[in-house]
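# Reading the structure
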Amino acid sequence: MTATKKKESMKIVPPGKKKCVWMEAGVVSYKLCDNNYDCSTCVYDHAMQVKVARQKEAAVTEPLEVSADKFTETWVEKMMQLPASQRKCRYMITGEVGRKICPNAYECGNCSFDQMMQERMQVEALPVHALSDEGGFRVAEDTYYHEGHTWAKPEYGGRVRVGLDDFAQRLLGRVSGIDLPDLGHQVKQGEAGFRVRRNGDVVSVRSPIDGVVSRTNSRLSENPEIINESPYEAGWIFIVEPTKLRKNLKGLYYGDEVHKYMGEEKERLLSMANMGTAADGAELVDDIFEGLEGKDWDKFVKTFFRT
Amino acid sequence: MSKCVTICAIGFVEEDILDRISGSIQERCGIECKILRGTENPQYAYDERRCQYNSRLILDRLLRCGHDTFGILGVIQVDLFVPIFKYVYGLALIGCQCAVISLHRLRPQFYDHPPNRDLLVVRAQKTALHEIGHSLGLTHCRDRRCVMYSSTRIADTDFKQSHYCPTCLELFTWHLERCQALPYP
Ligand SMILES: [Zn+2]
Ligand SMILES: [Zn+2]
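Turning our eyes to something else, we now look at the side chain of Lys-266 of chain A. All names here are of chain A. Along the chain, Lys-266 turns up in helix 10 (residues 256–273). Of the side chains bearing the opposite charge, Glu-267 lies closest to the buried Lys-266, which forms no salt bridge; the N-O distance is 6.2 Å. At a separation of 3.0 Å, a polar atom in the side chain of Lys-266 contacts the main-chain carbonyl oxygen of Gly-135.

Here is the structure:
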């Protein structure tokens, strides 16, 4: 066990990150989740399951020494060795609920609590853990961005949530209406996915991802201004069951690329809006549309929504 | 007078601030400066709704008023804006050798800090060099320490140095030679 007895200080989980269930169960000493707790599509989970199965087989023929890199139990088996009162529900592990003990031997597929949580989590976007600033625009980290100023965030269960980024929201200013796609509608990356209205003007916005629309944010029909107030959380637009996720993600900005992209877009916006001048020190107003006073609006839409 | 920039105080501006801006332009850009006082407060540019002054209108006026130097830099106390920005520290007409800077948000008091003349002056010098760079045709630099780095917040201004990085300096000299070769309009 010496190898797994790493100093506790080595096991710090950074804010916004969560322990992998394999770490939580104590099978591995340090591993963070990088797949939004969607174990069904997680490469790591798959590899670990295979590893455990192999080593169990091997143990039958020749007894194994127990060492750090020999895994003979899955995380579920390990959790099941705990007293029933200590078997944390996976929503407790991920922090979605306070205290909840698993009554169901980790068979989430048959668990009604899991079903309820799944329903709820579709309605509420996952909270954004890290919000940073790029030239006065908010950027939600751990999120993918399309050049047409939408975002895409893979969530539990392999679904992908989609919304408008802060740049788009500020450029459009006070949104007066939104035309959501129909459920079951097939959207494609880079093609029109939904429309946003501002009084008489309509802007067609590209979808960041290919997939079938499985849910839309019904709150937006009555209160479209939620998009302005909370573009990365309550103002989400639709959820898709993706059809080309891996391929699509390669076509999106992530991490440092997002910051570079937003910075470039800001410079572009400034040079278009300030025709012949360079303005400095500037934080953009919350309603850029209003600031432009209708000047060349079509050109701005074409440029920044890539229509 | 072709190698000279006019520093034009719009409304009241403290003498020593103008002198020290002038000094840093001479040192960093190798351009002589002439200080012009007596330009009145720009009531024509005041926006009632925003309670700020429209910097574009001030630039247009500066450009029209005619001056015998190849460039002009307005210095003003009031808070400036352009329509899509909450505020600006400065605005330049690119390639027209005309710019304006505001001291309003450079004063430590604006951020509830105690008055500090030296800090104010350093900020004003950086902002002036930055806008003069734009007014000659320079764009923003990606080096955070270069005076041509874009300041969104005052911390950006405080972080950068009071001079151009080698690349920007080379560009500056190139632009300067080109526009001084042009006949004065
Ligand atoms: Zn600038
Ligand atoms: Zn530079």
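That covers the picture; the talk isn't over yet.
Let us now look at the sheet that holds strand 6 (residues 177–179) of chain A. Residue and element names in this part refer to chain A. Reading across the sheet, the three strands line up as 6-8-9 and stay open at both edges, with antiparallel pairing between neighbours. With one partner strand each, in any of the chains shown, strand 6 and strand 9 (201–206) form the two edges of the open sheet. The sheet shows a mean angle of 25° between the axes of neighbouring strands, direction not considered. Bridge count for strand 8 (residues 192–198) against strand 9 is six bridges, and the pairing is antiparallel. From the neighbouring strand, Val-196 faces strand 9, where its bridge partner is Val-203.

Below, the discussion takes up the interface of chain B and chain A. The partner chain A presents 25 residues to the 24 residues of chain B that form the contact. Buried area between chain B and chain A, both sides added, is near 2,000 Å², and the carbon and sulfur share of it is 52%. The three residues of chain B that bury the most area against chain A are Ile-84, Phe-85 and Lys-86 of chain B, which together make up 36% of that side's buried surface. Our enumeration of links across chain B and chain A arrives at two salt bridges. Arg-153 of chain B is paired through a salt bridge with Asp-133 of chain A; the nearest N and O atoms lie 3.5 Å apart. Our count for the contact surface shared by chain B and chain A stands at nine residue pairs in polar contact (both at pLDDT 80 or more). Contributing elements (two or more residues each) for the side of chain B that touches chain A: strand 7 (90–93) and helix 3 (117–136) of chain B. In terms of residues, the side of chain B that touches chain A owes the most to one element, strand 7 of chain B, which gives four residues. Tallied by class, residues from the side of chain B that touches chain A come to 11 nonpolar, seven polar and six charged. Relative to strand 7 of chain B, strand 12 (residues 277–280) of chain A runs antiparallel, the two being bridged by four bridges. Along strand 7 of chain B, the bridge assignment pairs Ala-279 of chain A with Leu-91 of chain B.

Rules behind the numbers
Residues numbered from 1 in each chain as written. Chains lettered and ligands numbered in written order. Predicted model: local features only at pLDDT ≥ 70, side-chain atom pairs only at ≥ 80, totals over all residues. Heavy atoms only, no water. Helix = DSSP H or I, 4+ residues; strand = E, 2+ residues; numbered from the N terminus. Buried < 20%, exposed > 50% of the residue type's maximum accessible area, 1.4 Å probe, protein only. Lys, Arg positive; Asp, Glu negative; His and termini not counted. Salt bridge = Lys/Arg side-chain N within 4 Å of Asp/Glu carboxyl O. Polar contact = N/O pair within 3.5 Å; in protein donor to acceptor, adjacent residues only side chain to side chain. Pairing = 2+ DSSP bridges. Axes fitted to C-alpha atoms, helices over the stretch in contact; angles between N-to-C directions. Contact = heavy atoms within 4.5 Å. Buried area = accessible area lost by both parts, 1.4 Å probe. Nonpolar A, V, L, I, M, F, W, Y, C, P; charged D, E, K, R; others polar.

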